[in-house]
Amino acid sequence: MLACPAALHLLLPAPPPPHHLHHHHVAFPAPPLHASLPCSRRARRRAPCPRHGVARASATVAEEASGSGPAKLSVRIPVGDREILVETGHIGRQASASVMVTDGETILYCSVCLADTPNDPADFFPLSVHYQERLSAAGRTSGGFFKREGKTKDHEVLVCRLIDRPLRPTMPKGFYYETQILSWVFSYDGIHSPDCLAITAAGIAVALSEIPNKQTIAGVRIGLINDQFVVNPTTEQMENSELDLMMAGTDSAILMIEGYCDFLTEEKLLEAVEAGQVAIREICKTIDVLVQSCGKKKMVDAISLPPPELYRHVEDISGDELVKALQIKGKIPRRKALSALEDKVISILSEQGYVSKDGSSGVTESLADIVEDEDEDEIIVDGEVDEGDVHIKPVSRKPPPQLFAEVDVKLVFKEVSSKYLRRRIVEGGKRSDGRSPWELRPINSQCGLLPRAHGSALFTRGETQSLAVVTLGGYQMAQRIDNLVDTEDSKSFYLQYSFPPSCVGEVGRIGAPSRREIGHGMLAERALEPILPPEEDFPYTIRVESTITESNGSSSMASVCGGCLALQDAGVPIKFPVAGIAMGLVLDTQEFGGDGSPLILSDITGAEDASGDMDLKIAGNESGISAFQMDIKVVGITLPVMEQALLQARDGRQYILNEMSKSSPPPSKALSPYAPLIHVMKVKPNKVNLIIGFGGKTIKSIIEETGVDAIDTGDDGTVKITARDLSSLEKSKTIIANLTMVPKVGEIYRNCEIKSIAPYGAFVEIAPGREGLCHISELSSGWLAKAEDAFKVGDRIDVKLIEINDKGQLRLSSRALLPDADSESNSGSTKEKAPQKDDAIKMTSRTPRRKRQSELSGAENATTRTLEKSAASPAGSKGSEAVK
């Protein structure tokens, strides 16, 4: 074992050997100025291919270790109060790079692979990320019909985004090889979360691969427990944390943050980010040592950028018209003007002979010319190539001598447009819509647009608009969860975000939600969840739908604002309103005539998001933050820049909250007449089985008899009744109260049904499922030979409980209530009241606005009363008044 600095323990199988060349990758010609020549079998024997530059000794090690297993390299990285183990070289050896990362007994595998040939040039890096939590990692399997993991769950999509977003800024422009990152959780101990490990594992795998990324990245989670910041806290520690911060960065800057908190101040959030940056810096330094030992040669030669002279041609043709187009305030007219100008640039360059419409660019030597001298050495056996090799005879293509491809012109035009937009903001101090950097767009909001919805609001900010709708329901409407990490099997609040193509004036796919929609919806959900009342006070399941009807930037934050108003319109007693805002950044202002200090933009539009260096979304109230998300387009920002953005965002939130208070019409702040009624009552836990019955027979019969929507019971004795009308709710309350009652001697029960008759008396049902014997001598004041002489099954009589024997059997008397009964039976000591429940039953009811009582005007929607009700006269009012 070698001793390495910074507590690094690097296990090497042998001294580093020379470079090894892979045999299955071919680099095809790229556009001029950066052409990559292909490597045939003989060419790969002669010299290293620029695609792969691994030491040759690794092949030797693999051969030497073939009898005892693959060679393995490992390193331990200190993270927080423990170490994580990183292993490579023994699993997934055919991938470009693969690693196994272990934290406790949580093990995650991550691989990176590249396509053999580059894609066509585009304005984005062709990266795809897949993350999956195998239920077998925790010794479980799916509870559904299909036992194999299939569609990516929402939680897994969120982790995919956490991996993708910090990696993209580190990828070089002009590298078009399709890249795929696959990550699986193979073991989970229930203590160490795998999501933060996935970011670091992906960063290590990319650093070890041939991808010419600019810097190594790592990710950590930061919690705030007892006013102390904890790096990568355990799941148990996170239960008491005021903060859940996921962040990623390099050894010198921050690339991504995302999370939620309990309205922490901007200063506290910055302290958390600083603690995370220190941890990330140490991880990145250790990774760099590992990369120096076993990392592959970077494919720098595969980077293909448009030629510099093309930028000059595009600026000369479009300059003045581009300035005018960027001054158009409307998004759609501006987009059409820029598209027309782009077509004009391509047309002029084509007429001048600089551009080929078929996308081909000038190549001085064809593929056939390059490999012509290699055909003589190709090994052919019986007319076939060697096993494991693919013989492709190249086809001669000699395109006309053109200087630029059309796609290069489009890429350059987009970069030039972005440059001119940034220059206008820095030099002129005005944005495309005429605002100053810190100015917000006009805000308008309306509530109660949809009469049958439980709550609705339309929030408009400039050209961004969200229609938010709230639906209230019972437990059966809760969102079911079947994740590896989440311990709860359902959640009673969720927000669903929809971004149809019509909101940007386009035609597009409609179907399952995209990863972007899932991510934006979760951000808005986390922003609103802290302001909701506890489930004990407001037992409804709450669903918020945000449909983006117009979009020009910051639609997720519009969902926060619209969702908050819709919650109030639905009568949800929120703690206080919240709002969200998106911030942008022009980092290098000196390039455009500024003083060099970063320029922060408030309430950015879509164009400013695409052309800027940062997208920071902050949600909260005037005093604190509830949710946040930041993506960086450049290689990181520093803490001072982030601090300036957070403080400017706080001013913006205060302005938005003030404008939301002017909503017209305002939110109703009362339950809709169409919302269901939910009654919560508490019984002793040992009585819950009486409500359910054998095989659920009793509870099903109550639902069918009364017409309520649902009855949900908990092991702690909580019973929730969901109904559409008050009468059905009252019926079910009466039945359940009678089922769980505790009879006491001396109580009187009216209008009770005779269920059966025996020679010695009649069995009378005093409550559903509770019967007692009324002896023949207690049925009448006179003498009866047979009970059938005076009564039959189905008759109803009033009875009094006169005895409970040792077996719990009830003895009833009808004679004690007759007018000629003895004086003792008619004395004032006999109490006629409701059967006693187990001590007192705690009940919580909702008062909808259609039944709001004047005496409850000062109370909250949820009222808790202690009541005692009789079987014949149950607690009748919606307010659950006590009956003494």
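Data block above holds the structure.
Below is a short write-up of the structure. A quick note: this is a predicted structure, and the numbers were derived from the prediction, not measured.

In terms of helices and strands, the protein chain carries 18 helices and 39 strands. Burial status across the protein chain gives 51% buried among its 884 residues. Of all intrachain contacts in the protein chain linking residues separated by at least 6 positions in sequence, the fraction that spans at least 24 positions is 71%. Within the structure as shown, the protein chain displays about 40000 Å² of accessible surface, and the carbon and sulfur contribution to it stands at 51%.

In total, this model carries 42 salt bridges according to the counting rule given. Where Lys682 meets Asp716, a salt bridge forms, and the shortest distance between an N and an O atom there is 3.2 Å. Here Lys682, found in strand S30 (residues 677–682), pairs with Asp716, found in the loop between strand S31 (710–713) and strand S32 (718–723); they are 34 residues apart in sequence, far enough to count as distant. Classification of Asp716 by relative accessible area gives partly exposed; the value is 42%. In the salt-bridge network here, residues are joined through shared partners; they are Asp433, Arg435, Arg441, Arg461 and Asp603.

In this section: the environment of Ser432. Mapped onto the elements, Ser432 comes out in the loop between helix H10 (406–428) and strand S19 (443–447). Residue class for Ser432 comes out buried when judged on its relative accessible area of 7%. When the C-alpha atoms of Ser432 and Lys331 are compared, they prove to be 9.2 Å apart, with 101 residues separating the residues in sequence. Not counting residues within four places of it along the chain, the set of residues in contact with Ser432 comprises Leu326, Gln327, Ile328, Lys329, Arg334, Leu421 and Arg424. At 3.1 Å, the side chain of Ser432 and the backbone oxygen of Leu326 are in polar contact.

Here we take up the pairing of S32. Taken across its 6 residues, S32 has 6 buried, putting it largely inside the fold. Burial of S32 is two-sided: the residues Thr718, Lys720 and Thr722 facing one way and the residues Val719, Ile721 and Ala723 facing the other way are all buried. Both S30 and S32 contribute to a ladder of 6 bridges, which runs antiparallel. The residue of S32 that forms the bridge with Met681 is Val719. As paired strands, S31 and S32 are joined by 4 bridges and run antiparallel to one another. Each residue of the ladder has a partner; that of Thr713, found in S32, is Val719.

In this model, Ser664 is joined to Pro665 through a cis peptide bond whose omega is -5°. Within the element layout of this structure, Pro665 appears in the loop between helix H14 (639–660) and S30. Not every positive phi belongs to a glycine, and Lys669 is a case in point at roughly 60°. Residue placement: Lys669 occurs in the loop between H14 and S30. Judged by relative accessible area, Lys669 falls into the exposed class, the value being 55%.

Turning our eyes to something else, we now look at helix H12 (residues 555–569). The end-to-end C-alpha distance of H12 is 21 Å, a good match for the 21 Å that 15 residues give at a rise of 1.5 Å each. Most of H12 is tucked away, with 15 of its 15 residues classed as buried. Where H12 ends, the next residue or the one after it, Gly571, has phi of about 85°, a positive value.

The next subject is the packing of aromatic side chains. Tallied over the entire structure, the rule returns 10 aromatic pairs. Aromatic pair Phe175 and Tyr177: ring centres 5.3 Å apart, planes at 35°, arrangement tilted. Across the pair, Tyr177 and Phe175 agree in class, each one buried. Put simply, the rings of Tyr109, Trp184 and Phe186 pair up and form one aromatic cluster.

For the rest of this paragraph, the subject is the sheet that holds strand S34 (residues 761–767). Strand order in this closed barrel of 5 strands is S33-S34-S35-S37-S36, and the pairing throughout is mixed. Taking each pair of neighbouring strands and ignoring which way they run, the sheet shows an average axis angle of 55°. Two elements, strand S33 (residues 748–758) and S34, share 5 bridges in a ladder whose sense is antiparallel. For Ala758, the partnering residue across the bridge sits in S34 and is Gly761.

Before going further, it helps to examine H10. Taking 1.5 Å per residue as the helical rise, H10 with its 23 residues ought to reach 33 Å, and the 32 Å between its terminal C-alpha atoms agrees with that figure. Looking one or two residues beyond H10, the residue adopting positive phi is Gly429, at roughly 70°.

Next up on the list: the side chain of Thr88. Among the structural elements, Thr88 can be located in strand S6 (residues 82–88). Once residues within four sequence positions are removed from consideration, Thr88 is found in contact with Ala71, Lys72, Leu73, Ser98, Val99, Leu208 and Cys294.

Here we come to the environment of Phe124. Considering the arrangement of structural elements, one finds Phe124 in the loop between strand S8 (106–118) and strand S9 (127–133). Each C-alpha atom, one on Phe124 and one on Tyr176, is 8.6 Å from the other, the two residues being 52 residues apart in sequence.

Now for the sheet that holds strand S27 (residues 599–602). Within a sheet, neighbouring strands are paired by backbone hydrogen bonds and run either parallel or antiparallel to one another. Ordered by their spatial adjacency, 8 strands build an open sheet running S12-S11-S13-S14-S29-S28-S26-S27, and the pairing between neighbours is antiparallel. Each edge of the sheet is formed by a strand with only one pairing partner; in this case those strands are strand S12 (228–231) and S27. Each adjacent strand pair in this sheet contributes to an overall mean axis angle of 20°, direction not counted. Along the sheet face, helix H4 (residues 195–208) touches strand S11 (218–225), strand S13 (243–249) and strand S14 (254–264) and points at about 155° away from the line of S11.

Definitions and cut-offs
- Residues numbered from 1 in each chain as written.
- Predicted model: local features only at pLDDT ≥ 70, side-chain atom pairs only at ≥ 80, totals over all residues.
- Heavy atoms only, no water.
- Helix = DSSP H or I, 4+ residues; strand = E, 2+ residues; numbered from the N terminus.
- Buried < 20%, exposed > 50% of the residue type's maximum accessible area, 1.4 Å probe, protein only.
- Contact = heavy atoms within 4.5 Å.
- Areas by Shrake-Rupley, 256 points an atom, 1.4 Å probe, with all protein chains shown as cover.
- Salt bridge = Lys/Arg side-chain N within 4 Å of Asp/Glu carboxyl O.
- Polar contact = N/O pair within 3.5 Å; in protein donor to acceptor, adjacent residues only side chain to side chain.
- Pairing = 2+ DSSP bridges.
- Expected span 1.5 Å × (residues − 1).
- Phe/Tyr/Trp six-rings, centres within 6.5 Å; stacked < 30°, edge-to-face > 60°.
- Axes fitted to C-alpha atoms, helices over the stretch in contact; angles between N-to-C directions.

Read these as layout, nothing more, since geometry by itself doesn't imply function.
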